[in-house]
Amino acid sequence: MAELLTNFGIEPKFFLTMALGFVLLFLILKKFAFGPIFNMLQARQDKIRHDLDDAEARRNEMVRLQKEYEQRLAQIEDEARNKIQSAVKEAQAAREELLHKAHDEAQTIVARGQAEIAREREIAMAQMRNQIAQLSTMAAGRIIKKTLDPNAHMSLVDDVIADIGSQNGHSAVRGGAGMSGGLGTAGSSVSGGTV
Amino acid sequence: MGGGDSRATRRYARALFQAAINGQQLDAVAENLDAITQATRTSPQLMNVLRHPRITRERKRDLLHHIFEGRVQPVVENFLFLLIEKDRSGVIPNVAEQFRELLDEYRREMDAEAISAVPLTDSQTQALRAQLETTTGYKIRLETRVDDSMLGGLVVRVGDKLYDGSLATQLQRMEEQLRQVKVS
């Protein structure tokens, strides 16, 4: 052994010292340094693993969030589309209603106009009737005045006198000249006690 | 005039009427009442004095006595004094009217008015009076009047009845009917 070491140019004593020192150092290190170093390494490893797990979790979370956002966006888009559709529907309904109302109003105006025309026509007709009636009776009055001779007057008066007796104040008196006359009572009927 | 006044008027008129019948002075009393009414109409101050609450009854009596003494029947003068005594002098004109009505009823007489376009002949007037007397059972005091707006025929007012046989009214009815005619 010693020879072998010597052959390689190594002093066996030196080697032995070195070996002994190494063993000693190893023992010391084992006693005092290996534990903490292992622990440190272990902790480091744990931390790295934990960090990796964390990163993984965050990535998962991000993916989840992204999916959620996408869903939310899709939902918002749906909602927006629905709102637009309902707004369009409302606008159409409003337009229909406006058209309907305008149509109704137009109908009302037309009906009112027609009623107004009818009323005006009725008034005009009534005025015309009144004028015709007035003119006719005026003309008739003039003709009667001109044509009634004393005999006709006498006969008219005689008829009335005769009729006063026959109808006793309640029924119609027949006048002369082919016209029906009339008789009215002024106020209440006669009662013996009040006269 | 309130209802109480008209009842009082009737009561006073009946009382005076009874007194006048008893004294057989119906015409004289009626004429006196008419004259008094005429006096109250021509001088409204007289009624104002009689109605005035601040003027004593004594003075009112003196005033009436001064105005009507010797001109009206004593029964009428006493009646006026009674009205003064009862503070009812305001009813004098109405009493006169009521008295006339009572007198008419007592004698069964009635006013009538005939309006014609041309004057009635005497025989027509007589015939009309006879006709009205038969119809009403009353003696008729007939007044005739000419109004050429009647055109023809006759309008007779007797009591509160109206006989309208005038051509004017018939024309008016014709006009009304013409106005009602519907023209399409």
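Just so we're clear, the structure is a prediction, and the values are computed from it rather than from any experiment. (Residues numbered from 1 in each chain as written. Chains lettered and ligands numbered in written order. Predicted model: local features only at pLDDT ≥ 70, side-chain atom pairs only at ≥ 80, totals over all residues. Heavy atoms only, no water.)

**Student:** Would you explain unusual backbone geometry in this entry?
**Tutor:** Glycine aside, negative phi is the norm for most residues, and most peptide bonds take the trans geometry. All names here are of chain B. Here Arg108, not a glycine, exhibits a phi torsion of approximately 50°, which is positive. Take Arg108: it is sitting in the loop between helix H6 (92-107) and strand S1 (109-116). For Arg108, a relative accessible area of 39% gives the class partly exposed. Although it is not a glycine, Leu151 sits at a positive phi angle of roughly 70°. Locating Leu151 in the fold gives a position in the loop between strand S2 (139-146) and strand S3 (153-158). Using a relative accessible area of 11% as the deciding quantity, one classes Leu151 as buried. (Helix = DSSP H or I, 4+ residues; strand = E, 2+ residues; numbered from the N terminus. Buried < 20%, exposed > 50% of the residue type's maximum accessible area, 1.4 Å probe, protein only.)

**Student:** Which parts of the structure should I look at to understand the pairing of strand S4 (residues 161-166) of chain B?
**Tutor:** Side-chain positions along a regular strand alternate between the two faces of the sheet. Residues and elements named next belong to chain B. Burial runs high along S4: six of the six residues are buried. Covered by surrounding structure in S4 are Lys161, Tyr163 and Gly165 together with Leu162, Asp164 and Ser166, the residues of both alternating faces. Between the antiparallel neighbours S3 and S4 lie two residues, among them Gly159 with a positive phi of about 60°. (Pairing = 2+ DSSP bridges.)

**Student:** Hey, could you run me through helix H3 (residues 44-51) of chain B in this one?
**Tutor:** Since one α-helical turn is 3.6 residues long, residues separated by three or four positions face the same way. Residues and elements named next belong to chain B. Turning to H3, its buried residues number three or more, namely Leu46, Met47 and Leu50. Down the axis of H3, the buried set is contained in an arc of 95°. They therefore lie on one face. Packed against the buried residues of H3 are helix H2 (26-42), helix H4 (57-68), helix H5 (74-85) and H6. (Arc of directions from axis to C-beta. Contact = heavy atoms within 4.5 Å.)

**Student:** So what exactly am I meant to see when it comes to the packing of H3(B) against H4(B) here?
**Tutor:** Axis angle and axis distance: for two packed helices, these are the angle between their axes and the distance between the axes, and together they describe the pair. Residues and elements named next belong to chain B. Orientation of H3 relative to H4, taken along the N-to-C sense of each, is 150°, at an axis distance of 9 Å. Relative to H4, H3 is oriented roughly antiparallel. The handedness of the crossing between H3 and H4 comes out as left-handed. Taking contact as the criterion, the partners of Leu46, Val49, Leu50 and Arg51 in H3 are, on H4, Lys60, Leu63, Leu64 and Ile67. (Axes fitted to C-alpha atoms, helices over the stretch in contact; angles between N-to-C directions. Parallel < 35°, antiparallel > 145°, perpendicular 65-115°, else oblique. Left-handed = near helix turned anticlockwise from the far one by under 90°.)

**Student:** What exactly am I supposed to notice about the side chain of His153(A) here?
**Tutor:** Within the fold, His153(A) resides in helix H3 (residues 150-167). If sequence neighbours within four positions are ignored, His153(A) has contacts with Leu148(A), Ala117(B), Val118(B), Leu151(B) and Gly152(B).

Treat this as a map of the structure, not an account of what it does.
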